[in-house]
Amino acid sequence: MVFSCGNRRKIHEPLADSGRTQRTETFLENLKALSDSNVYMFGHHDATVYGIGWEADYDNDSTVHQRSDVRTVCGDFPAVLSFDLGNIEHGDERNLDGVPFSRIRQEIIAHFDRGGMITLSWHLDNPLSGGTAWVADSLKETETHTVEAVLKGGRCHEQFLTWLDHVAEFLNSLETPYGVMVPVLFRPWHEHTGSWFWWGQDHCTTEQYKALWKLTVSRLKKQGVVNALYAYSPNIVDNQTKESLMERYPGDDLIDVIGYDQYCFASDGDTTAVAKYAADLDQSLTMICEAAKEHHKAVALTETGYEGIQTEDWWTHTLAPVLAKHPISYVLVWRNAHNKQGHFFAPYPGHSSSSDFVRFYNDPRTLFLKDVNALYLPK
């Protein structure tokens, strides 16, 4: 897989003292400003490449950024688009959800041109076991040593460097036809306070996790990446404290955004479980916002949602009231799978929560694509 990027950015885009483009630094400052405001952007993973009952025509460029379930419901695109780089480590043409990387690149540039924000996650395979990012019970002993194996001196270190280079090649290819590098928020090594990924809590030491972050950022910078911000994104587990959330924080010199992931797990519209999610969300947002303020970072709810959205007023009666109490830059819900029944986190036409989502859209505190057009411009 080869991405064309050229060297025009070195001519057209000045670099800040950080070594990133000035536009990327401005993007960060505006995220911080949003984190200090009473409004926040709404985001949806894979929003423009598939949805309930449809998948984009990946061979037809005219369909780029033309459709999303969110847009069909409320008449506007999400302000934030999220995509995953899983499988890029192997040089594959498509990511782990079957979307061509060439199409993801097109969608990113189109969304940037319309003023929107892009964030990227990376569910990469396990280089030691050969398995997926998720930990298999039969391979737990192997998983425990994977981070150690990819660090300097480890048996998978050289292989891992090539994986990082594939990421760098993609990030370096995110250039508009008019020579502008598209700023993105890169969010690897997420949900590490759990243990379902091979980089999780039970599979490496605190120092190994921090070293993984240092290796990642330093390698990408060495490969010329000048358009990436980086997000630290633990998940919320029972009895979490601010100290445990930040225990593996790799340092202010590496991280630009502090966020976390927290989902609503409530089967069959269980109102008690939904209420518990809201209470836990409130408590967790308090901790993560305090941590971000202490470190002078932008803050976000980097993943959330309610699979199947089994409560009709979930958007305005569960999610929005909690978010209104906390200053965040954006909230992102997960994908609407076209090939997995019941696996969706945003409404689609005809869904029972669609009317409530329109009310959520009309809330003056929520920002969608039509509301953002200066993310990359100085205040």
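Computed from a prediction, not measured in an experiment: that's the story for all the values here.

J.: Help me out: how do you make sense of the pattern of salt bridges in this one?
T.: Once their charged atoms are close, side chains differing in charge can pair, the charge on each being opposite to the other. In total, this model carries 15 salt bridges according to the counting rule given. Arg20 is the partner of Asp256 in a salt bridge, and the nearest nitrogen-oxygen pair spans 2.9 Å. Taken together, the residues Asp256 in the loop between α9 (242–246) and β8 (257–264) and Arg20 in the loop between α1 (8–12) and α2 (22–35) connect sequence positions 236 residues apart. Judged by relative accessible area, Asp256 falls into the buried class, the value being 6%. Given a relative accessible area of 9%, Arg20 falls into the buried group.

J.: Any chance you could explain the pairing of strand β5 (residues 117–121) here in plain terms?
T.: Walk down a regular strand and you will see the side chains alternate between the two sheet faces. Counting buried positions along β5 gives five out of five residues, so the element sits mostly inside the fold. Taking every second residue as pointing to the same face, both faces of β5 are buried, with Met117, Thr119 and Ser121 on one and Ile118 and Leu120 on the other. Here strand β4 (residues 80–84) runs beside β5; their pairing, made up of five bridges, is parallel. Paired with Leu81 across the strands is Ile118, a residue of β5. As a crossover connection, the stretch from β4 through helix α4 (residues 101–113) into β5 is right-handed. Here three bridges tie β5 to strand β6 (residues 184–187), and the two strands are oriented parallel to one another.

J.: Help me understand the packing of helix α10 (residues 271–295) against helix α11 (residues 314–323), please; the structure alone is not making it clear to me.
T.: The geometry of a pair of packed helices is captured by two quantities: the angle between their axes and the separation between those axes. The N-to-C vectors of α10 and α11 enclose an angle of 20 degrees; their axes lie 9 Å apart at closest approach. Classified by the angle their axes make, α10 and α11 are roughly parallel. The handedness of the crossing between α10 and α11 comes out as right-handed. Between α10 and α11, the contacting residues are Val274, Tyr277, Ala278, Leu281, Asp282 and Leu285 on the first element and Trp314, Thr318, Leu319, Val322 and Leu323 on the second.

J.: Quick question: what am I supposed to make of the packing of aromatic side chains here?
T.: For any two aromatic rings, the description comes down to two numbers: the centre-to-centre distance and the angle of the planes. Inspection of every chain in the model, using the stated rule, returns 29 aromatic pairs. Where Trp122 meets Phe186, the ring centres are 6.3 Å apart and the plane angle is 35 degrees; that geometry is what we call tilted. With Trp122 in the loop between β5 and α5 (140–143) and Phe186 in strand β6, this pair connects stretches of sequence that are 64 residues apart. Comparing Trp122 with Phe186, the two get one shared label, buried.

J.: What am I meant to see in the packing of α11 against helix α12 (residues 354–362) here?
T.: The N-to-C vectors of α11 and α12 enclose an angle of 45 degrees; their axes lie 8 Å apart at closest approach. Taken as axis vectors, α11 and α12 run oblique relative to one another. Where α11 approaches α12, its residues Trp314, Trp315, Thr316, His317, Leu319 and Ala320 are matched on the opposing element by Asp356, Phe357, Arg359 and Phe360. Looking at the contact of α11 with α12, its residues break down into six nonpolar, two polar and two charged.

J.: Sorry if this is basic, but what is going on with the environment of Val147 here?
T.: Checked against the element boundaries, Val147 lands in helix α6 (residues 146–150). For the pair formed by Val147 and Gly86, sequence separation is 61 residues and the distance between their alpha carbons is 17 Å. Once you skip the residues sitting within four places of it in the chain, Val147 turns out to touch Trp198, Trp199, Cys204, Gln208 and Leu212.

J.: So what exactly am I meant to see when it comes to the nonpolar core here?
T.: Within soluble globular proteins, side chains that are nonpolar generally end up buried alongside one another. One finds Met41 and Trp122 to be the most contacted residues of the largest nonpolar core, which totals 125 residues. No other element matches the eleven residues that α10 contributes to this core.

J.: Help me out: how do you make sense of helix α7 (residues 157–172) in this one?
T.: Since the α-helix packs 3.6 residues into each turn, any two residues three or four apart lie on the same face. If you check α7, its first and last C-alpha atoms are 22 Å apart, about what 16 residues at 1.5 Å a residue would give, namely 22 Å. Among all positions of α7, only His157, Phe160, Leu161, Trp163, Leu164, Val167, Ala168, Phe170, Leu171 and Asn172 are buried.

J.: Just to check I follow, could you spell out the pairing of strand β7 (residues 228–232) for this structure?
T.: For β7, the buried fraction is high: five of the five residues fall into the buried class. Taken together, the three bridges between β6 and β7 define a ladder with parallel strand orientation. Opposite Phe186, over in β7, you have Tyr230 as the bridge partner. Where the polypeptide runs from β6 across helix α8 (residues 206–222) and back to β7, its parallel neighbour, the crossover connection is right-handed. With two bridges connecting them, β7 and β8 associate as parallel partners. Bridging across to β8, Ala231 finds its partner in Val257.

J.: Is there a simple way to think about α10 in this case?
T.: Between its first and last C-alpha atoms α10 spans 36 Å; for 25 residues at 1.5 Å apiece the expected length is 36 Å, and the two agree. In the core, the buried residues of α10 are packed alongside α9, β8, β9 (298–306) and α11. Capping of α10 at its N-terminal end is provided by Asp270; its side-chain oxygen lies 3.0 Å from the backbone amide nitrogen of Thr272. Positive phi shows up at His296, right after α10, with a value of about 60 degrees.

J.: Sorry, what's going on with the state of the cysteines here?
T.: Disulfides are covalent bonds that link the sulfur atoms of two cysteine residues. In this structure the tally under the stated criterion is zero disulfides. Considering cysteine sulfurs only, Cys264 is the nearest to Cys289, which forms no disulfide, with 19 Å between them. Using a relative accessible area of 12% as the deciding quantity, one classes Cys289 as buried.

Cut-offs used in this document
Residues numbered from 1 in each chain as written. Predicted model: local features only at pLDDT ≥ 70, side-chain atom pairs only at ≥ 80, totals over all residues. Heavy atoms only, no water. Salt bridge = Lys/Arg side-chain N within 4 Å of Asp/Glu carboxyl O. Helix = DSSP H or I, 4+ residues; strand = E, 2+ residues; numbered from the N terminus. Buried < 20%, exposed > 50% of the residue type's maximum accessible area, 1.4 Å probe, protein only. Pairing = 2+ DSSP bridges. Right-handed = clockwise from strand over helix to strand, strands pointing away. Axes fitted to C-alpha atoms, helices over the stretch in contact; angles between N-to-C directions. Parallel < 35°, antiparallel > 145°, perpendicular 65-115°, else oblique. Left-handed = near helix turned anticlockwise from the far one by under 90°. Contact = heavy atoms within 4.5 Å. Phe/Tyr/Trp six-rings, centres within 6.5 Å; stacked < 30°, edge-to-face > 60°. Nonpolar A, V, L, I, M, F, W, Y, C, P; charged D, E, K, R; others polar. Core = buried A, V, L, I, M, F, W, Y, C linked by side-chain atoms within 4.5 Å. Expected span 1.5 Å × (residues − 1). Polar contact = N/O pair within 3.5 Å; in protein donor to acceptor, adjacent residues only side chain to side chain. Disulfide = S-S within 2.5 Å.

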